[in-house]
Amino acid sequence: MRTHPWAPPPHTHTFASGHWRDVSATLAGSEAVGEQGQEEEVEDRLKEHMDNLLDKSAKTRQVALQSLRLAFSSKILSEFLLERRLMLTDSLEKCLKKGKGEEQALAGTVLTLLCLQMGSGPEGEEVFRSLKPLLISVLTDSAASPGARQSCATALGMCCYIAAADLEDLVSCLSCLEGIFSPPSAGEGGSAPTQHGPLHCSALQSWSLLLTICPPSHVKNVLDNCWLKLPPLLSSNSVVLRILAGETIALVFELAQEVEEDLCHQDTEFLCAQLKVLATESNKYRAKTDRRRQRSIFRDILRFIESGEYQEETIRFGLECMYLDSWARQRTYQAFKEVLGSGICHHLQNNELLREIFGLGPPLVLDAAALKASKVSRFEKHLYNSAAFKARTKARSRVRDKRADVL
């Protein structure tokens, strides 16, 4: 009888169990070899992208930066980058100095991710110290593109948060960022400029991130001299900046409680009145989604300032979860999420720096069985979503019935 060449040999069911163990060991060995081959292929591509950062073509450099950004945000590459950090730092410096617009913006993002990969040790500090002056130069250069300045604002804040070892570095970065979102004309008693953009948002986000690691003595200095520059930003034309300003004000109140400083005076009463307006605003000239988002967040901010109650949030990743139970913790998480994008879950699971920052302990070591058990089947997801949809429909129906009774 003719058989296909790929058909199994006859009587395979009579093979001894020892034979199957040998087959399993062979398969495991081939899988290990396959994984090693994939890692080598990834490293070869990364080396090629790093070489392309010195290419004469601006387009080639931008493509290389985009590829590095994707790789750094989705993988843990600390060991690979450790011996190549100086070469990569030099290449990024050239992109920031000689590049224009998009290339500078990408270089700032890749620099942030490089610092995140290196961590808070001497290597990360070395990266930060070498490029800090250039980041400040681009950030404060009014002739540079807004995208490049925005990226440098984020990079300055994040790299300082991760790797700054001296209080002097922290204070100088805070001062630089404050000069961007709150120029001298918008100080206490002044009014905010009518036009704000992503640059002001990034500067304020980085400034508030660094505020979370300030020593108590400097926090008191901020409370005495800087915090009244924040309320004028609540009148900004940008909904993102209004929300960021509100969250930063809540953060300042939280830090004031920790250093036992009292901010309750006439300025605070006026501030609460502003927050109430933003928490109930219904102006039609603002987008409906913007109004809804603004009202929700400012209700939480007002509740915290009036009663000290914080709306806790749970972040789930893999088999773990963490709780955002303070404005400082929320600001830190949002800053890293902004940089890592969809890679935030992978880094929370595996990046030792992030796990140390959020108090998650060493990365979990899971075997194949545990990973398989943690996965939910598509059918189970379907059942869960159906039940949730049904419950949501019933809840909405009850609310609609109550509205009808009122009418």
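Below or above, wherever it landed, is the structure these notes cover. Just so you know, these numbers come straight off a predicted model, no measurement behind them.

1. Focus: the pattern of salt bridges
Argument step 1. Inspection of the entire model under this criterion finds 13 salt bridges.
Argument step 2. A salt bridge links Glu 306 to Lys 276, with the shortest nitrogen-to-oxygen separation between them at 3.8 Å. Of this pair, Glu 306 sits in helix α13 (residues 288–307) while Lys 276 sits in helix α12 (residues 266–280), and the two are 30 residues apart along the sequence.
Argument step 3. Linked through salt bridges whose partners overlap, the residues forming this network are Arg 129, Lys 132, Asp 166 and Asp 169.

2. Focus on the packing of helix α11 (residues 239–258) against α13
Argument step 1. One way to put it is that α11 packs onto α13 with a least axis distance of 10 Å and a crossing angle of 10°. It follows from the interaxial angle that α11 and α13 lie roughly parallel. Between α11 and α13, the contacting residues are Val 239, Val 240, Arg 242, Ile 243, Gly 246, Glu 247, Ile 249, Ala 250, Phe 253, Glu 254 and Gln 257 on the first element and Asp 290, Arg 293, Gln 294, Ile 297, Phe 298, Ile 301, Phe 304 and Ile 305 on the second.
Argument step 2. Tallied by class, the residues present in the contact of α11 with α13 amount to 11 nonpolar, three polar and five charged.

3. A closer look at the packing of aromatic side chains
Argument step 1. For the coordinates displayed, the defined rule picks out five aromatic pairs.
Argument step 2. Here Tyr 161 and Phe 336 contribute two aromatic rings whose centre-to-centre distance is 6.0 Å and whose plane-to-plane angle is 75°, an arrangement assigned as edge-to-face. Taken together, the residues Tyr 161 in helix α7 (residues 146–163) and Phe 336 in helix α14 (residues 327–340) connect sequence positions 175 residues apart.
Argument step 3. Given the relative accessible area of 15%, Tyr 161 is considered buried.
Argument step 4. By relative accessible area, which is 0% here, Phe 336 ends up buried.
Argument step 5. For the ring pair Phe 181 and Trp 207, a centre distance of 5.3 Å and an interplane angle of 65° mean the geometry is edge-to-face. Taken as a pair, Phe 181 in helix α8 (residues 167–181) and Trp 207 in helix α9 (residues 198–211) lie far apart in primary sequence, 26 residues in all. For the pair Phe 181 and Trp 207, a shared accessibility class is recorded, and that class is buried.
Argument step 6. Grouping aromatic residues by their ring pairs yields a cluster made of Tyr 161, Phe 336 and Phe 358.

The rules behind each value
Residues numbered from 1 in each chain as written. Predicted model: local features only at pLDDT ≥ 70, side-chain atom pairs only at ≥ 80, totals over all residues. Heavy atoms only, no water. Salt bridge = Lys/Arg side-chain N within 4 Å of Asp/Glu carboxyl O. Helix = DSSP H or I, 4+ residues; strand = E, 2+ residues; numbered from the N terminus. Axes fitted to C-alpha atoms, helices over the stretch in contact; angles between N-to-C directions. Parallel < 35°, antiparallel > 145°, perpendicular 65-115°, else oblique. Contact = heavy atoms within 4.5 Å. Nonpolar A, V, L, I, M, F, W, Y, C, P; charged D, E, K, R; others polar. Phe/Tyr/Trp six-rings, centres within 6.5 Å; stacked < 30°, edge-to-face > 60°. Buried < 20%, exposed > 50% of the residue type's maximum accessible area, 1.4 Å probe, protein only.

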